[in-house]
Amino acid sequence: MIDYVSFSEQLKRAKRVLIVSHYSPDGDAIGSTIALGLAIERRGKEVVLYNRDGVPTQVAHLPECGRIEQSLDPKSSFDMTIMVDCAQPKRVSDEFDALAGKGVLAIIDHHILEQTPAEVTLIDDGAASTGEVVLRFMDHEGMELDTPIAECIYTTLVVDTGFFRYSNTNERVLALASRLVAAGASPWATARQMEESYTPARMKLLGLALESIAFEYDGQYSHMTVTQQMLTQAGAKMDETDEFATYPRAVAGVEVSALFREMDDGGVKVSLRSKDRVDVAMIAKQFEGGGHARAAGCRMKGTVAQMQQAIRTAVEKALTGKSKIQSSNVETHSKSK
């Protein structure tokens, strides 16, 4: 699924390129979008960057992030459209899905795909982040790795490896991080912006969410909830909750954890995590979601209580061996999580 030659040929023909990623973006989605956009633009292409939900607070420090547009002219026409960290147009937005002038549709990703409408793909499920795949393509094309691009790709790595804590951290990933730092990325500046610049409202919201934490199945399953009422009470935004999913899993004895977020559109976003045995991507898949073995998610319509019951049933089956449990060495925050 990695076809550098075809991808390169299509890009060479294109004059106007659209780069998009999934709604509710994380640092991998945004960092990959900007890095690829800058690299391609320096080849003389006209580039438009798009994300329906814009840039989350956590990565608002990234260079050129203000260029990401949140709407598309339905009459727009492009020679090539590249979806990064995303494989389905509907996961970008309905507006994008309906766009007639996409041109050649391509994908750069690190998630295993069952199917995609893309004509050209660069997909490597062994990569730690989509940003890593972007850099491999840049290397193939002889594109320059400068400081702004290095900062963006470094951010994709720290987001999807949990600042090099998760099991997808290996010698290759650390060597790549070293290369990015040599090119100008700053570990301290990135950590300060992403881990030590939280708003007081975010900390108040975390306190409210932690009060909701619950444990089931002899402490093997833990879940936490963020409601719209909590957001109002804390004066916080939902995009400040992206890392909340790690807290329930951090408890000793917990194998599977879930974060339930009540969205303002009436749906519930579920972020699933596991430690060693359970493949949470298999659980998410039951609800039209996906991701990785240790980090996955889905988005469903209904009340929080309904979603909690549905996930509880699926988790019970996974923990008791009544559904397929897989082990994997890959752990990362997926695009839909």
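Okay, so let's go over this structure.

Basis of the calculations
Residues numbered from 1 in each chain as written. Predicted model: local features only at pLDDT ≥ 70, side-chain atom pairs only at ≥ 80, totals over all residues. Heavy atoms only, no water. Helix = DSSP H or I, 4+ residues; strand = E, 2+ residues; numbered from the N terminus. Buried < 20%, exposed > 50% of the residue type's maximum accessible area, 1.4 Å probe, protein only. Polar contact = N/O pair within 3.5 Å; in protein donor to acceptor, adjacent residues only side chain to side chain. Axes fitted to C-alpha atoms, helices over the stretch in contact; angles between N-to-C directions. Parallel < 35°, antiparallel > 145°, perpendicular 65-115°, else oblique. Left-handed = near helix turned anticlockwise from the far one by under 90°. Contact = heavy atoms within 4.5 Å. Nonpolar A, V, L, I, M, F, W, Y, C, P; charged D, E, K, R; others polar. Salt bridge = Lys/Arg side-chain N within 4 Å of Asp/Glu carboxyl O. Core = buried A, V, L, I, M, F, W, Y, C linked by side-chain atoms within 4.5 Å.

## Side note on the side chain of threonine 246
Phase 1 of the analysis: By the element assignment, threonine 246 lies in helix α10 (residues 246-249).
Phase 2 of the analysis: According to the relative accessible area criterion, threonine 246 is buried, its value standing at 18%.
Phase 3 of the analysis: Polar side-chain contacts of threonine 246 include one of 2.9 Å to the backbone oxygen of glutamate 243.

## Notes on the packing of helix α2 (residues 27-41) against helix α4 (residues 130-141)
Phase 1 of the analysis: Interaxial distance between α2 and α4 falls to 8 Å at its minimum, and their mutual angle equals 15 degrees. In terms of their interaxial angle, α2 and α4 are classed as roughly parallel. By crossing handedness, the relation of α2 to α4 is classed as left-handed. Across the interface between the two elements, Asp28, Ser32, Ala35, Leu36 and Ala39 of α2 pack against Thr130, Gly131, Val134, Phe137 and Met138 of α4.
Phase 2 of the analysis: Broken down by class, the residue content of the contact of α2 with α4 amounts to 6 nonpolar, 3 polar and 1 charged.

## Focus on the pattern of salt bridges
Phase 1 of the analysis: Tallying each qualifying case throughout the model produces 12 salt bridges.
Phase 2 of the analysis: Across the pair arginine 52 and aspartate 53 runs a salt bridge whose closest N-O atoms are separated by 3.0 Å.
Phase 3 of the analysis: You can call arginine 52 partly exposed: its relative accessible area is 33%.
Phase 4 of the analysis: For aspartate 53, a relative accessible area of 34% translates into the label partly exposed.

## Comments concerning the side chain of threonine 155
Phase 1 of the analysis: By secondary structure assignment, the location of threonine 155 is in helix α5 (residues 147-160).
Phase 2 of the analysis: Look past the residues within four positions of threonine 155 in its chain and what remains in contact with it is Gly27, Val59, His61, Leu62, Thr190 and Met194.

## Description of the nonpolar core
Phase 1 of the analysis: One finds Phe7, Ile34, Leu36, Met80, Ile82, Ile108 and Leu180 to be the most contacted residues of the largest nonpolar core, which totals 50 residues.
Phase 2 of the analysis: For this core, the leading source of residues is α5, giving 8 residues.
Phase 3 of the analysis: When near neighbours in sequence (up to four residues on either side) are disregarded, phenylalanine 7 contacts Met80, Ile82, Ala106, Ile107, Ile108, Val120, Leu122 and Phe137.
Phase 4 of the analysis: Listed in part, the 23 residues of the second largest apolar core include Val270, Ala284, Met300 and Ala314.

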